[in-house]
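As a plain string of letters, each chain reads:
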Amino acid sequence: MTCSWPWLSRSVNALRRYATAAAVVLRPYQESCLEACVDALRNGSTRIGVSLPTGSGKTTVFISLLSRLGPPAHSPHATRSLVIVNSVELAQQTADQARRLFPEWSVEIEQGRHSASGTADLTVATFQTLLRSQRIEKFRAEYMKALIVDEAHHAAAPSYRRILSHFDPDIESPDKDFQPPALKRRIPILGFSATFSRHDGLALGSVFERIVYHRDFLDMIKEQWLCNVRFTTVRANIDLSKVTVNARTGEFNPTSLAHVVNTDVVNELVVRTWLDRASDRKSTLVFCVNLAHVAKLTAAFRAAGVDARYLHAKTPAAERKALVDAFRAGQYPVLVNCAVLTEGADIPNIDCVLVARPTRSRNVFAQMIGRGMRLSPQTGKEDCRIIDFVDSQERVGGVMSAPTLFGLDPSELVDDETVESLEERRDALLADGDGLSNLDRSDASGPIPDPKSVTYIDHDDPFVLADQSSGDPNIHKLSRNAWVSCGDGKYILECLGRGYIRIELSQSVDGEARYHAHYTPPTMDGGTAYMLKISPYGRSKEILSAADLESAIHGCDTYVRTKVLTGNLALGLLRSAKWRREPATDSQKEFIMKRWKARKVPVIEDGQRKRKGLLATEDGLETLKKGEAANIVTRLKHGAQMRYEKRQKALAKAAFVSEKEARRRAREKVEVGLLPVAH
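Residues numbered from 1 in each chain as written. Predicted model: local features only at pLDDT ≥ 70, side-chain atom pairs only at ≥ 80, totals over all residues. Heavy atoms only, no water.

Caption draft 1: Structural context of the overall build of the protein. Scanning the protein for helices and strands turns up 20 helices and 22 strands. When the 679 residues of the protein are sorted by exposure, 51% land in the buried category. Counting contacts in the protein only where the partners sit at least 6 residues apart, residues at least 24 apart contribute 70% of the total. (Helix = DSSP H or I, 4+ residues; strand = E, 2+ residues; numbered from the N terminus. Buried < 20%, exposed > 50% of the residue type's maximum accessible area, 1.4 Å probe, protein only. Contact = heavy atoms within 4.5 Å.)

Caption draft 2: Fine view of the packing of aromatic side chains. One pass over the full model with this rule turns up nine aromatic pairs. It is Arg80 that lies over the ring of Tyr143; its NZ or CZ is 4.3 Å from the centre. Residue placement shows Lys637 over the ring face of Phe591; its charged tip is 5.8 Å from the ring centre. (Phe/Tyr/Trp six-rings, centres within 6.5 Å; stacked < 30°, edge-to-face > 60°. Lys NZ or Arg CZ within 6 Å of the ring centre and 35° of its normal.)

Caption draft 3: Focus on a nonpolar patch on the surface. There is a patch of nonpolar side chains on the surface, built from Tyr530, Met531, Leu532 and Ile534 and spanning about 510 Å² of accessible area. You can see Leu532 is positioned in helix H16 (residues 526-532). (Patch = residues over 30% accessible without salt bridge, like charges linked within 9 Å, V, L, I, M, F, W, Y side chains within 5 Å. Areas by Shrake-Rupley, 256 points an atom, 1.4 Å probe, with all protein chains shown as cover. Salt bridge = Lys/Arg side-chain N within 4 Å of Asp/Glu carboxyl O.)

Caption draft 4: Local environment of the packing of helix H2 (residues 28-42) against helix H3 (residues 58-68). It is the contact of H2 with H3, at a shortest axis distance of 10 Å, that shows an interaxial angle of 50°. Compared by their axis directions, H2 and H3 come out oblique. Regarding H2 and H3, the two cross each other, and that crossing is right-handed. Taken together, the residues of H3 that come into contact with H2 (itself represented by Gln30, Glu31, Cys33, Leu34, Cys37 and Val38) are Val61, Ser64, Leu65 and Arg68. The residue inventory of the contact of H2 with H3, partitioned by class, reads six nonpolar, two polar and two charged. (Axes fitted to C-alpha atoms, helices over the stretch in contact; angles between N-to-C directions. Parallel < 35°, antiparallel > 145°, perpendicular 65-115°, else oblique. Left-handed = near helix turned anticlockwise from the far one by under 90°. Nonpolar A, V, L, I, M, F, W, Y, C, P; charged D, E, K, R; others polar.)

Caption draft 5: Representation of the sheet that holds strand E18 (residues 513-520) in the model. Pairing is antiparallel in the open sheet, where five strands are placed in the order E15-E16-E17-E18-E19. This sheet does not close on itself; its edge strands, each paired only once, are strand E15 (484-485) and strand E19 (541-546). Lying over the sheet, helix H17 (residues 549-564) contacts strand E16 (490-494), strand E17 (500-507), E18 and E19, oriented at roughly 145° with respect to E19. (Pairing = 2+ DSSP bridges.)

Caption draft 6: Fine view of the pattern of salt bridges. This structure, assessed with the given rule, holds 37 salt bridges. A salt bridge links Lys138 to Glu110, with the shortest nitrogen-to-oxygen separation between them at 3.3 Å. Of this pair, Lys138 sits in the loop between helix H6 (133-136) and strand E5 (144-150) while Glu110 sits in strand E3 (residues 107-110); the two residues are 28 residues apart in sequence, bridging distant segments of the chain. Exposure remark for Lys138: the relative accessible area of 22% places this residue in the partly exposed category. Two residues, Arg502 and Glu504, come together in a salt bridge whose shortest N-O distance is 2.9 Å. For Glu504, a relative accessible area of 31% puts it in the partly exposed group. Through salt bridges with shared partners, a single network forms among Arg47, Asp168, Asp170, Arg186 and Glu209.

Caption draft 7: View of the sheet that holds strand E10 (residues 308-311). Taken together, the seven strands give an open sheet; going across it, the order is E10-E11-E9-E12-E13-E8-E14, and neighbouring strands pair in mixed fashion. What marks the edges here is a single partner per strand, and that holds for E10 and strand E14 (414-417). The sheet shows a mean angle of 20° between the axes of neighbouring strands, direction not considered. Bridge analysis of strand E9 (residues 284-287) against strand E12 (residues 352-355) gives four bridges, and the strand direction is parallel. Counterpart to Phe287 in the pairing with E12 is Val355.

Right, dumping it as structure tokens:
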């Protein structure tokens, strides 16, 4: 392939002349990452992403990468680099690291009161500062050799795109009146993040073309690039089913979550767990839901005699720095925070992470526990204890915990487990087939033939013409009479103008399920009742109760033969009665048409569901038999349609939620390759 950028056609070794004489010694995976980036740029990509976990040295990697990128041959003056970060702490950390690695570079910070010249070799700027027009104007695109976006999972946000559109016209600014600059060349824009995905639906493909390198933190733990981890998962009496979920992100709403998590009982459990499992740890970082939770949990630690301190987004910068520096120096054992140290915190001595805020995001969970995975042999750190809390009743799906991180059931108890032991448990379950479907565990051998058709009969639909529209094919095994199912354990036997018998499943006071049968007699004929606009039926009376449906139906059949329709009259109740095979009457068809509401009627043929397109018209009802029509009318009058539609609505809602959750999970999956422009 012809190189689009001649300055990248030179070997990596040649590019090293832009680095300091004292070469930076990189880990093997860091070197592989740089090679992947250079190869992608050489092959024509200019907007690329790198996914490296917390503690892997992302800052060292992208600073080293900048040292290897020289100015383009046709733009020798393009020697400057800009690193965009999202916090004051990250800006200072990045600038300090660049000065340590390459002391001959001029390094400046553009943030708040720190005003850069715009001409330094490397400028580190917060995105908040660059949103001001007078601050970003000093960074002219023609002098830029590359841009780095740290914590690049934020890059699809409108604020970031507003900045990046100044350096690449293909990145669309949210400001419709923005005029992109006319650039003579593409400026490489490289994104680095530990969680290169978003759970809010914003597509990172709108900024980056592809991910060129990815390393999972679990692999790096096993390869000992990150410290060993010991997991403890605690079951707590927290009912997450009442917690609202953000419709866009799928994550718990903090205020709603705090009502469940920030209680005296739960906070006491958190402190007690720490005292029992982690009191010997030197530096514990605690993650909370919101500011109120931070304050209350800190007070609970202090009440137990633990020197716990806290910080949050509104903590003044000087105080925040002092708190973090003292924590990094091991001057106190517990630091409680909320959404401050999730990203960019370089505190290697953390040897315990306590996750006191449930999350449905794998990314957020990985970010939190990743704070404790940096190696720190100089502080005596051997491993990191991760403690998280889950709902004891598992009332909400999708909540992240140590077991789910390894594909285990969330009910699996975890205590003092390592990455290796959890993977062994997972592999053992897979080997045993636990959690697999019956099809997966089938003993059948040989090829499975392709299905010739799909058999699907939804008997709950009152308009399905299967089994004479009885609503339950199993009812035929229990009685010869024309019983129909109306859903939710309700069965009706129409008594040919002599009222009807109803069987319903209900719970008794002691919790035992029983079937209760009632007979409802008529008081007048249906025509008269219709004219008077009153019910034709009298008060129902209970005739029996039974422990099972079979006994209830047999008892009711006996009752109707002896009390309601005696002798030969009872023959008219049979499913095989001659009258049931006659064409449906006009009044039956008219009633059904009114309730049909222009639905299509699924006609069952040869055990297969086929939609014939029969609309609610006279033509569509020509083949309907009187017995089928009678069953449909009975079921409609006794609420079968309402129950069916309610169930279908619930199923549709559940399917929508499940599909939405699957899409959210898919967005959190990171792999090398092209990024979708939209989700």
